[in-house]
Amino acid sequence: MSISRARTIAFDVLLRVAKQDAYADDALRSELDKTVRTEDAGLATELALGVLRWQRLLDFVIDRYLKKQASTADVEVRIALRLGMYQLLFLDRVPARAAVHESVELVKRARKRSAATLVNAILRKAAKEPFPGNSPADAVAKLVPADLPLAERLGIQYSHPSWIVERWIRIYGEERTRSLLQANNRVPVLSGYLLDPQRGDEAALSLQKSGSRIQPGRLLRDSWVLEGGNPGASEAVRLGWVAIQDEASQAVAHLVAADPGNTILDLCAAPGGKTMLLARAAGAWGHVIATDLHKNRVRAMQERFELAGIRNVETVVLDGAQPLPFERPFDHSFDRILVDVPCSGTGTLARHPEIRWKLCAEDLRDLHDRQASLLGNALPHLAPGGRLVYSTCSLEPEENEFVVREVLGALGDNFQIADPGIAIESFLQESVRPNTVACADGFFRTFPPDHGTDGFFAAVIERRTSKA
């Protein structure tokens, strides 16, 4: 029996994530070309992302069968074991013999033939052992020593690093943390929006041909939820009629409340999904400057805008953490600014599960400093009466409200935090109340278990027309 293409792709993607520090979605995108059948693409994606989501739980189960931990020190061996164990625990439709055999063959393909017997023995033992419970997580919870600290037990059961679990328990409490951990291990909803309303029927037909079902957005009126199929391969997405973007991310662009004719700065714009919404709102007489630190990302953005027929965006390579190279005084300021900063991404762990294994607690301090620099450099370029939105896809206070309060505290009383509910209300589904995303502390927040989206934070900041 040869190795299926789906398992080969999943193995290679996981190896790139482990050895090259690659991001899983980038690695998958490069592997899933037109020669890969839809069913193979679906299984490869499920295997790669499923293994990353459940990595710690899988390792806990694997290690129960090991006499010597060093025997799986080779990353190729460990990945093959995780792939096999994931199929045994989570994929009822996959025969156990196929999961075991192909994992053994993957080890041989990776030139670790000496470990083939070990992989075969561990997976065969696991295949014979019942795991009672409604889910693998519940079953494994019964095997975790009860005397371990709560964060450790939940970290194993729901496959997160203990330090993240511990801090979330401190911030959210045990019940909400548990719901967040569970949400991070679900396959996230795929959402998008229509760039050209005149292409609506044509775009819908294209998505349907790709096997996708179009449902109304959960959060936003103009958003689509795409179920099933492979929408990324559709003509609608490839030709730029439809942009794939989480609804919470779309909402951030709407918070900017751009008006026709506005001059807008999108300071950390790549990959450009929010920029296109800003450009559409600004209209033909508006002007958007979209910047990013990396030349290759700016080039990719420019190509994306050209494909979508967007003509009112100027792309610029610059480091927003340094003083911005725009002239002042105010006749060279911006009506609107979006500062969607690089962040830890802890609000996107369902979509980008590898982040939980890359991130360290110390990273939050470094990120905070850069984020504060980005916001501090952008605010002086906001015109009187203008609006700036600072946003992250992080759940961590150090990257969110702490940054906003620190920077505004240093700039005096020229700026004020505005109510995000007023800006977003007209974009929300009728069933969604503004106070569910516009929180009592004055900030916009989405929480994955509550909203079914990525976790986003945003602060709407306005510049007073004169000193208070």
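Keep in mind it's a predicted model, so treat the numbers as computed, not measured.

What counts as what
- Residues numbered from 1 in each chain as written.
- Predicted model: local features only at pLDDT ≥ 70, side-chain atom pairs only at ≥ 80, totals over all residues.
- Heavy atoms only, no water.
- Buried < 20%, exposed > 50% of the residue type's maximum accessible area, 1.4 Å probe, protein only.
- Helix = DSSP H or I, 4+ residues; strand = E, 2+ residues; numbered from the N terminus.
- Pairing = 2+ DSSP bridges.
- Core = buried A, V, L, I, M, F, W, Y, C linked by side-chain atoms within 4.5 Å.
- Contact = heavy atoms within 4.5 Å.
- Polar contact = N/O pair within 3.5 Å; in protein donor to acceptor, adjacent residues only side chain to side chain.
- Expected span 1.5 Å × (residues − 1).
- Axes fitted to C-alpha atoms, helices over the stretch in contact; angles between N-to-C directions.
- Parallel < 35°, antiparallel > 145°, perpendicular 65-115°, else oblique.
- Left-handed = near helix turned anticlockwise from the far one by under 90°.
- Nonpolar A, V, L, I, M, F, W, Y, C, P; charged D, E, K, R; others polar.
- Salt bridge = Lys/Arg side-chain N within 4 Å of Asp/Glu carboxyl O.

**Q** Lay out the pairing of strand 8 (residues 334-340) in plain terms, naming residues and giving numbers.
**A** Burial within strand 8 is extensive, with 6 of its 7 residues counted as buried. Pairing of strand 5 (residues 263-266) with strand 8, which is carried by 3 bridges, proceeds in the parallel orientation. Directly across from Asp 266, in strand 8, lies its bridge partner Leu 338.

**Q** With reference to specific residues and values, describe the pairing of strand 3 (residues 223-227).
**A** Where a strand is regular, its side chains alternate between the two sheet faces. Taking burial as the measure, the 5 residues of strand 3 include 4 buried ones, the bulk of the element. In terms of strand pairing, strand 1 (residues 190-194) meets strand 3 through 4 bridges, oriented antiparallel. Bridging from a neighbouring strand, Gly 192 pairs with Trp 224 of strand 3. Pairing of strand 2 (residues 213-216) with strand 3 involves 4 bridges; the strand directions are antiparallel.

**Q** Outline the nonpolar core, listing residues and values.
**A** In terms of nonpolar packing, the biggest core is built from 66 residues, with Phe 11, Leu 57, Leu 58, Val 61, Leu 83 and Met 85 touching the most fellow members. Counting residues in each nonpolar core, the second largest holds 39 residues, with Ala 248, Ala 270, Val 288 and Met 301 among its members.

**Q** Please give an account of the environment of Arg 64 that cites residues and values.
**A** By the element assignment, Arg 64 lies in the loop between helix 4 (55-63) and helix 5 (75-90). Look at Arg 64 and you get partly exposed, because its relative accessible area is 38%. Along the chain, Arg 64 and Asp 369 lie 305 residues apart, while their C-alpha atoms are 42 Å from each other. Apart from residues lying up to four places away in sequence, Arg 64 is in contact with Glu 129, Phe 131 and Leu 143. A distance of 3.3 Å separates the side chain of Arg 64 from the side chain of Glu 129, its partner in a polar contact.

**Q** Account for helix 5, with residues named and values stated.
**A** An α-helical turn contains 3.6 residues, so any two residues separated by three or four positions project in the same direction. The terminal C-alpha atoms of helix 5 lie 22 Å apart, and with 16 residues this matches the ideal 22 Å at 1.5 Å per residue to within 8%. For helix 5, the buried fraction is high: 13 of the 16 residues fall into the buried class.

**Q** How would you explain the packing of helix 10 (residues 162-172) against helix 11 (residues 174-184) if you had to name every residue and give the values?
**A** Axis separation between helix 10 and helix 11 bottoms out at 7 Å; the angle between their running directions is 130°. Our classification of the angle between helix 10 and helix 11 gives oblique. As for how helix 10 packs across helix 11, the hand of that crossing is right-handed. Contacts from Val 165, Trp 168, Ile 169 and Tyr 172 in helix 10 reach Glu 174, Arg 176, Thr 177, Leu 180, Leu 181 and Asn 184 in helix 11. Taken together, the residues that form the contact of helix 10 with helix 11 break down as 6 nonpolar, 2 polar and 2 charged.

**Q** Which residues make up the pattern of salt bridges, and what values go with them?
**A** Think of it this way: side chains of opposite charge can pair up when their charged atoms draw near. Under the counting rule described, the total for this entry stands at 32 salt bridges. Two residues, Arg 167 and Glu 396, come together in a salt bridge whose shortest N-O distance is 2.7 Å. Here Arg 167 is found in helix 10, whereas its partner Glu 396 is found in the loop between strand 9 (382-392) and helix 19 (401-410), with 229 residues between them in sequence. Between Asp 441 and Arg 445 there is a salt bridge whose closest N-O contact spans 2.6 Å. On the basis of relative accessibility, which here comes to 35%, the residue Asp 441 falls in the partly exposed class. Its relative accessible area of 21% is what places Arg 445 among the partly exposed residues. Several salt bridges converge on common partners, so that one network encompasses Asp 59, Asp 63, Arg 78 and Arg 82.

**Q** Before we move on, could you go through helix 15 (residues 273-282) and cite the residues and values that matter?
**A** Among the 10 residues in helix 15, 8 count as buried, and that is most of the element. Burial in helix 15 covers these residues: Gly 273, Lys 274, Thr 275, Met 276, Leu 277, Leu 278, Ala 279 and Ala 282.

**Q** I'd like a rundown of the packing of helix 1 (residues 5-20) against helix 6 (residues 96-109), residues and numbers included.
**A** Each pair of packed helices can be summarised by the angle the axes make with each other and by the distance between the axes. The geometry of helix 1 relative to helix 6 is characterised by a closest axis approach of 11 Å and an angle of 55° between their N-to-C directions. With respect to each other, helix 1 and helix 6 are oriented oblique. Pair helix 1 / helix 6 crosses with right-handed handedness. Residues Arg 7, Thr 8, Phe 11 and Asp 12 of helix 1 pack against Ala 98, Glu 102, Leu 106 and Arg 109 of helix 6.

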